[in-house]
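# Structural overview
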Amino acid sequence: MFTHIESSDGDLINPIFTSAKSSITLYQSHKSLQLHKLHVSASQTPTSWMNSRPPHRSIGIQSTLLTDPVPVPTLIKKAAAPRKPVSVCESVDDISTDSEEENEAIADPDYEPRESEEEDMLADDKPTAFVEMSDNNLTLLEEPKYLVTESSIRNLFSTCPKCGHEATCSKMVLGTLLSVTAVCKQCGTCRTWNNHPRVSGVPALNILLSGGILFTGSIPSKVFRLFRMLNIQCHTTRTFFRHQVQYLNEAVKKTWDEEQEQLLAATKEKELVLGGDARCDSMGHCAKFGTYVVMEMEVNKVLSLQTVQSNEVKSSYHMELEGIKRSKPLFQDHNVKALVTDRHRQVAKWIRESWKVPHYFDCWHIVKGLGKKLEKMAKKKALQPIRSWIKSIKYHLYWAVMSTPDGNPEVIREKWMGCVEHIQNRHGKCQHGPLEKQKMWLLEGTKVGDELFDVLTRKGFVNDVMKMSSLAQTSGVESYNSVLNHFAPKMVPFSYTGMRSRTQLAALHYNENAGRAQATSSTGEGRHRIDFPKHKSGGYTVKKILVRATYNYVNRCFKNMMEAVETGTKASTVEEPAPLSASCDRPNLAEAVQQWKTRFNPPTAGPSQNARTTRRSTRSRKKPRRT
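What comes next concerns the included structure.

Calculation criteria
- Residues numbered from 1 in each chain as written.
- Predicted model: local features only at pLDDT ≥ 70, side-chain atom pairs only at ≥ 80, totals over all residues.
- Heavy atoms only, no water.
- Buried < 20%, exposed > 50% of the residue type's maximum accessible area, 1.4 Å probe, protein only.
- Helix = DSSP H or I, 4+ residues; strand = E, 2+ residues; numbered from the N terminus.
- Pairing = 2+ DSSP bridges.
- Axes fitted to C-alpha atoms, helices over the stretch in contact; angles between N-to-C directions.
- Contact = heavy atoms within 4.5 Å.
- Right-handed = clockwise from strand over helix to strand, strands pointing away.

### A short note on the pairing of strand β7 (residues 177–184)
- Of all eight residues that make up β7, six are buried, and the element is covered over most of its length.
- Pairing analysis gives eight bridges linking strand β6 (residues 167–174) to β7, with the strands arranged antiparallel. Within β7, the position partnered with Leu174 by the bridge is Leu177.
- The loop that links β6 with its antiparallel partner β7 comprises two residues; one of these, Gly175, has a positive phi angle of about 70°.
- Strand direction decides the pairing type here: β7 and strand β8 (residues 190–194), joined by five bridges, are antiparallel. Looking at the pairing, Ser179 lines up with Asn194 of β8.
- Counted between consecutive antiparallel strands, the loop separating β7 from β8 contains five residues, among which Gly188 sits at a positive phi close to 75°.

Following this line, the structure appears as structure tokens:
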């Protein structure tokens, strides 16, 4: 608790922090307040029933704090006029904190925050003024909530409000729900108090906590571990998963379906430039889930999400093709101007034969693949001169495509092949001016030149270059996949419905925050920061600092969830593919444990083991050589 101490002339002295066991009442003497001796009397936290209690002094919670003389700190603030001491019976100390956001100012050392932002940074260090606690008709979600220790609650109920004698307190805990019953030993008065209400029999904060964990993309095991470390009472992961199955997944699905319906209706009359790509749920080539996302690149919104489990197709490699097949029916009534994807061969063939819309390849994927090949070649000693050309070749590939707005494949091809001429110091087709810096020219007929030109002019690669997109790129899809890594980390396994819900939450977050404006400094200039990406090997890049993200979609998910809880509507059984282990033969656990063996706990050799060992030694015995 945070208490302001004022001197007789209205100056604000250094604040005093106390534990949550008791609130502090400050008594001012009629004379000037001396800094070297502060008399602080602690009394019980007020409640509505304390107004009628007789005068009673509880020895256990009364204390006097004496301090040595201390200098007045720089925190002193001149008050407008002296005011009366605040009585705890009239108001309480209402401390509120800001939500914890990323402090982007750390990344920009030249940034000077505004006054309002400085206040946000110090919000946890400054208490609010004493205000009256009134009923503002807030919803259960909007109502402020506080952490309180058990001793503070016990102090409230340890004495009887009628006769002032000692009362016996007992508690009942159900997750975050605390029910306290106090019975007076003298007059037998019984009081019962709950820290929060129930909604259709479900403790309100239990379901709100479960919803908050899922809707923010948190991992329940980590959240509950944090609560256990601090000994904060809460429900278990088993209760969380029951809430998720009964209410949370359906609330997320309903919120996403409403948004998707609005987006598809809003884009029905315009030409769509779609971008699609898949994302696997784990590293390597043994993914369980594949998520295929389709975005409209001009409005930068996610329109379609498809979650595919690997046992629904031949293998995990085929999940991307299945994802785009499931996405196609959503756009049957739309005018698709172009579709941009990576170079997945199965997807390219299916689009060419079944969807029959203009199909282009994303530039970044092709440039990235080419750069990896050239880097691998440059590691060879005889091909080291290639390294100085890698950056220029990648830039030239981007230029060849983006300088051709109409996407004419023949023009793109001619511009790209001009790179081969330029590297040999032949500039008849080049459009650049005089060269200020010259690199080592690589000529045809040399080993380094021939191997480089073979990669740059390979027929399959040139055909892919001719299909590179100048309309739009799938960078938005990659950004969405980055957001999805927060909601569904690749090192954490999820169920089918759990993965689907987290995928939809990531889409809701992306759609709400994709178009954020750039943050500005106190002078109105746009804020930037310098990053050092790993792929640039020490090089830097400049990025814009955006305004803070918003989370209105979370409120909509909470609203749908509470409506289901209040009406008692539980989700019906969801049709989902069988788990991957369904095709395996599950042995008896006891037999499996008995037969279980590793290199570090070999089983005891029984008769059958000895027999096998004997046969093995007999087979390995050398036979006499024939003469």
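### Observations concerning the sheet that holds strand β15 (residues 359–361)
- Strand order in the open sheet formed by five strands is β13-β12-β11-β14-β15, with mixed pairing between adjacent strands. Taken across any chain shown, the strands that pair with only one partner, and hence form the sheet edges, are β13 (301–309) and β15. The sheet shows a mean angle of 25° between the axes of neighbouring strands, direction not considered.
- Where strand β11 (residues 271–280) meets strand β12 (residues 289–296), seven bridges bridge the pair, whose relative direction is antiparallel. Bridging across to β12, Leu274 finds its partner in Glu296.
- Helix α6 (residues 319–327) contacts β11, β12, β13 and β14 (335–341) of the sheet and is inclined by roughly 130° relative to β13.
- Taken strand by strand, helix α13 (residues 475–487) contacts β11, β12 and β13, and its axis lies near 40° from that of β11.

### Things to note about the side chain of Thr291
- Mapped onto the elements of the fold, Thr291 is located in strand β12.
- We classify Thr291 as buried; its relative accessible area is 3%.
- If near-sequence neighbours (up to four positions away) are discounted, Thr291 is found in contact with Asp277, Ala278, Arg279, Gln306, Thr307, Leu484 and Thr503.

### Overview of the environment of Ile219
- Looking at the secondary structure, you find Ile219 in the loop between α3 (204–215) and α4 (220–229).
- A residue is classified by how much of its surface remains accessible, and Ile219, at 13% relative accessible area, is buried.
- Linking Ile219 and His486, residues 267 residues apart in sequence, is a C-alpha distance of 9.9 Å.
- With residues up to four places along the chain from it excluded, the contact list for Ile219 reads Ile213, Pro489, Val492, Phe494 and Arg502.

### Overview of the pairing of β14
- Taking burial as the measure, the seven residues of β14 include five buried ones, the bulk of the element.
- In the sheet, β11 pairs with β14 via five bridges, with the strands oriented parallel. When the sheet's bridge partners are listed, Val273 is paired in β14 with Ala338.
- Pairing of β14 with β15, which is carried by three bridges, proceeds in the parallel orientation. Bridging across to β15, Val340 finds its partner in Tyr360.
- A crossover links β14 with its parallel partner β15, the connecting element being helix α7 (residues 345–355), and its sense is right-handed.

Honestly, it's all geometry; don't read function into it.
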